[in-house]
There are 2 protein chains.
Amino acid sequence: MKRDSRLSSVLHALLHMAEQDGPVTSETLAQCLGTNPVVVRRTMGYLREAGIVTSDRGHAGGWRIHADLGSVTLRQLHEALGEPVVFAVGNRNEIPECLVEQSVNAALQGTFAEAEALLLKRFSEITLADLAADFSRRHAAARRKRS
Amino acid sequence: MKRDSRLSSVLHALLHMAEQDGPVTSETLAQCLGTNPVVVRRTMGYLREAGIVTSDRGHAGGWRIHADLGSVTLRQLHEALGEPVVFAVGNRNEIPECLVEQSVNAALQGTFAEAEALLLKRFSEITLADLAADFSRRHAAARRKRS
DNA sequence: TCAAACAGAACATCGTTAGTTACATGAAAC
DNA sequence: GTTTCATGTAACTAACGATGTTCTGTTTGA
């Protein structure tokens, strides 16, 4: 299964942007992510629509975070990306006539719903500020190790 | 994202088999599932390797359940299918050098691991017998409704 | 005016399940 | 023993959606 890594991508991009003062170009972010500027624009476009970032064209243009780091949760980002399907596994037929399949679906659906609810709950508890703080700790630890 | 529906499929097939006395052919199961006999053989083959079902060729051949319904859990079936990836969402790069990405990965990975653990725990609590009982209830309810 | 940057369309790539076709193999019935 | 019914397996196609790429606009500031 090919996994959707857009949430991972935008988090990575947002934290790099948080480290910078001015706007960051798609080109720069693409290098950080090891991908293409067009992919960055496409993905970040979702966040722009959600009002989480802004983009400016022309000279000195690029992407800026348009929100407080502490107020943006992973859940919001997940929603901004269109709430992509979380599970790579699912029911064969969503609205089956067969009673046997209905039993199967009910059991699986309930279980998946429970797991997804937990995932989204955790997502709503983690902010960009949390990740930035975690990065600072790792950064400091890496510096200590180097010296 | 294309979802893996093999667990759903084998559950559907197994419950149909549980309703039958003798062996059930791939052709019959394929009709129940609305698919192709070859797909049935391919998928059920995993369960045969795990010792959950047996298959016989030739006249009066087909598939049989080779275990007690109460002793087979969804988790075992999931494992028999090769423990397919559960999430359609994931990290962009599993072993990043970038410290920023490491922070992102750590947060996401922890959250996904927690949700997956819950899912597998629930899977290990549900047996084929549970699903068969649920089907019986639905079947009885449908009969009452019809009369 | 020019160059830097985003905007967006259009198309290729890739990985995986699912679907299909074809043929071989084995077992029971006649 | 031949026929028929079934699985076993290989090989190929289809579908799907994120990702990657190319190309052409369009806006903005120097």
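Before reading further, recall that the structure is shown in the block above.
Because the structure is a prediction, the values reported are computed rather than measured.

Counting across every chain of the model gives five aromatic pairs over all chains. Residues F87 of chain A and F87 of chain B carry aromatic rings whose centres are separated by 5.4 Å and whose planes lie at 25° to one another, so their mutual orientation is stacked. Taken together, the positions of F87 of chain A in the loop between helix 4 (74-80) and helix 5 (99-125) and F87 of chain B in the loop between helix 4 (74-80) and helix 5 (99-125) put the pair across two chains. Here the two residues F87 of chain A and F87 of chain B agree in accessibility, since each one is buried.

Once that is clear, we can look at the interface of chain B and chain A. Contacts between chain B and chain A engage 51 residues on the former and 51 residues on the latter. Taking both partners together, chain B and chain A bury about 4900 Å²; carbon and sulfur atoms supply 67% of that area. Considering only the surface of chain B that becomes buried against chain A, R3, R92 and V100 of chain B emerge as the three largest contributors, covering 14% of it. Across the chain B-chain A interface, the total number found is two salt bridges. Notably, a salt bridge pairs E114 of chain A with R122 of chain B, separated by 2.8 Å at the nearest N-O pair. The tally of links from chain B across to chain A stands at 20 residue pairs in polar contact (both at pLDDT 80 or more). Each residue belonging to the side of chain B that touches chain A can be placed in one class, and the counts come to 27 nonpolar, 14 polar and ten charged.

We now examine the pairing of strand 1 (residues 53-56) of chain B. Residues and elements named next belong to chain B. Pairing of strand 1 with strand 2 (residues 62-65), which is carried by four bridges, proceeds in the antiparallel orientation. Paired with D56 across the bridge in strand 2 is G62. Hairpin connection between strand 1 and strand 2: a loop of five residues separates the two successive antiparallel strands, and G58 in this loop has a positive phi of roughly 75°.

Moving on: the pattern of salt bridges. Tallying each qualifying case throughout the model produces 16 salt bridges over all chains. A salt bridge links D134 of chain A to R138 of chain A, with the shortest nitrogen-to-oxygen separation between them at 2.8 Å. Placement of the pair is D134 of chain A and R138 of chain A together in helix 6 (residues 128-146), with a separation of four residues, close to one helical turn. Between R137 of chain B and D134 of chain B there is a salt bridge, with its nearest N and O atoms 3.3 Å apart. Separated by three residues within a single helix, R137 of chain B and D134 of chain B lie in helix 6 (residues 128-146), roughly one turn from each other. Shared partners join several salt bridges into a network, and the residues in it are E114 of chain A together with K121, R122 and E125 of chain B.

Two copies of a chain can be linked by a rotation about an axis combined with a shift along that same axis. The transformation that overlays chain B on chain A combines an axial shift of 0.0 Å with a rotation of 180°, and the residual RMSD is 0.1 Å. Taken together, these values place the two copies in the relation of a two-fold axis.

Conventions used here
Residues numbered from 1 in each chain as written. Chains lettered and ligands numbered in written order. Predicted model: local features only at pLDDT ≥ 70, side-chain atom pairs only at ≥ 80, totals over all residues. Heavy atoms only, no water. Phe/Tyr/Trp six-rings, centres within 6.5 Å; stacked < 30°, edge-to-face > 60°. Helix = DSSP H or I, 4+ residues; strand = E, 2+ residues; numbered from the N terminus. Buried < 20%, exposed > 50% of the residue type's maximum accessible area, 1.4 Å probe, protein only. Contact = heavy atoms within 4.5 Å. Buried area = accessible area lost by both parts, 1.4 Å probe. Salt bridge = Lys/Arg side-chain N within 4 Å of Asp/Glu carboxyl O. Polar contact = N/O pair within 3.5 Å; in protein donor to acceptor, adjacent residues only side chain to side chain. Nonpolar A, V, L, I, M, F, W, Y, C, P; charged D, E, K, R; others polar. Pairing = 2+ DSSP bridges. Least-squares fit on C-alpha atoms with pLDDT ≥ 70 in both.

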